Amino acid sequence: YPFEVRGPRLNLRSMDGSRLSYCVLLGVTIFHAYNVAVAGLDPRHYFEDVVTECLGQRGLLAGNLGRERRKASDFGDAVYRIGEQCKLSPSIEDATVRTHAQEEGVDVIAHMYWGDSRPIHWVFVVQATCGKSDTWQRKLFESSEGMWKSILGLRVHPKAVLAVPHHIQPEFLRYLAEKGSGDKLVLDRLRLCSMNGMDLEGASQVCERLVDIEVEFE
């Protein structure tokens, strides 16, 4: 935790390692919630980058489908690019998707790669959202494991994950687990910040803007 209480004030301890990551995620949350302008940075898109970097640092092959979709001419092209990055063999023709599909409820794809070509892949399909807590229950179910099993040409269902830049309190975390019938995973700020923020592109820019913000308490 990058802050400490000194008398009546909350003070920043430092911005190194995971503390820097925490501040980046705090910044993303604030920028999105209060429409704080940051030159050249959309907090929603940047959060996808943060999630991708975090999963990559945890040893997974991770690809930012949201970013690829914004660059690609169509959904299939973006998925095949992610397949190359994550060592997967998508099979769009075997899946039923919307004609003008954008991301089908998934922003980031990650593969726990075991170094072989056998068709039992451990894949995570991640919905990364900066939305408030009243949207999380719905977001849990936006990615269809069955659809993505077909899209990615898998033999087993991928695991659906909801990622948010917020700090989720334990009681609400348990609530989301129950609403997801024990089948959905959740990544919040406390887990996402367990990475080296120094490797995160744009981290210094986000933190500089965060420090500059003036807060008025009512």
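If you're wondering where the values come from, they're calculated on a predicted model, not measured in any experiment. (Residues numbered from 1 in each chain as written. Predicted model: local features only at pLDDT ≥ 70, side-chain atom pairs only at ≥ 80, totals over all residues. Heavy atoms only, no water.)

1. Considerations on the packing of helix α1 (residues 18-34) against helix α9 (residues 203-212)
Between α1 and α9, whose axes approach to 9 Å, the crossing angle comes to 65°. When you trace α1 past α9, the crossing you get is left-handed. Taken together, the residues of α9 that come into contact with α1 (itself represented by Leu20, Cys23, Val24, Leu26, Gly27, Ile30 and Phe31) are Ala203, Val206, Cys207, Arg209 and Leu210. Considered class by class, the residues forming the contact of α1 with α9 number 10 nonpolar, 1 polar and 1 charged. (Axes fitted to C-alpha atoms, helices over the stretch in contact; angles between N-to-C directions. Helix = DSSP H or I, 4+ residues; strand = E, 2+ residues; numbered from the N terminus. Left-handed = near helix turned anticlockwise from the far one by under 90°. Contact = heavy atoms within 4.5 Å. Nonpolar A, V, L, I, M, F, W, Y, C, P; charged D, E, K, R; others polar.)

2. Focus on the sheet that holds strand β7 (residues 185-187)
What the 5 strands build is an open sheet, ordered β3-β4-β5-β6-β7; its pairing is mixed. Each edge of the open sheet is held by one strand with a lone partner, namely β3 (61-64) and β7. Ignoring which end each strand starts from, the neighbouring axes of this sheet average 25° apart. Across 5 bridges, the pairing between strand β5 (residues 122-128) and strand β6 (residues 159-163) is parallel. From the neighbouring strand, phenylalanine 124 faces β6, where its bridge partner is lysine 159. (Pairing = 2+ DSSP bridges.)

3. Quick word on the packing of aromatic side chains
Given two aromatic rings, their pairing is described by the distance between the two centres and the angle made by the two planes. Throughout the structure, instances matching the rule amount to 4 aromatic pairs. Ring plane angle 75° and centroid distance 5.9 Å describe the contact between phenylalanine 75 and tryptophan 148, whose orientation is recorded as edge-to-face. You can see phenylalanine 75 sitting in helix α4 (residues 75-86) and its partner tryptophan 148 sitting in helix α6 (residues 145-151), a full 73 residues away along the chain. Grouping residues by exposure puts phenylalanine 75 and tryptophan 148 together as buried. Taking the centre distance of 5.5 Å and the plane angle of 25° together, the rings of phenylalanine 172 and tyrosine 175 count as stacked. Here phenylalanine 172 pairs with tyrosine 175, and both are found in helix α7 (residues 170-179), just 3 residues apart, close to one helical turn. Relative accessible area serves as the criterion here: at 30%, phenylalanine 172 is assigned to the partly exposed category. (Phe/Tyr/Trp six-rings, centres within 6.5 Å; stacked < 30°, edge-to-face > 60°. Buried < 20%, exposed > 50% of the residue type's maximum accessible area, 1.4 Å probe, protein only.)

4. A short note on the pairing of β6
A large share of β6 lies buried, amounting to 4 of its 5 residues. As a crossover connection, the stretch from β6 through α7 into β7 is right-handed. (Right-handed = clockwise from strand over helix to strand, strands pointing away.)

5. Some thoughts on a nonpolar patch on the surface
On the surface, Tyr1, Val5 and Leu10 cluster together into a nonpolar patch covering about 360 Å² of accessible area. In this structure, tyrosine 1 sits in the segment before β1 (3-6). The class for tyrosine 1 is exposed, based on a relative accessible area of 55%. (Patch = residues over 30% accessible without salt bridge, like charges linked within 9 Å, V, L, I, M, F, W, Y side chains within 5 Å. Areas by Shrake-Rupley, 256 points an atom, 1.4 Å probe, with all protein chains shown as cover. Salt bridge = Lys/Arg side-chain N within 4 Å of Asp/Glu carboxyl O.)

6. Some points on the side chain of asparagine 64
Mapped onto the elements, asparagine 64 comes out in strand β3. Engagement of the side chain of asparagine 64 in a polar contact is seen with the side chain of aspartate 49, the distance being 2.8 Å. Ignoring anything within four residues of it in the chain, the contact list for asparagine 64 reads Glu48, Asp49, Thr52, Ile82, Gln85 and Asp107. (Polar contact = N/O pair within 3.5 Å; in protein donor to acceptor, adjacent residues only side chain to side chain.)

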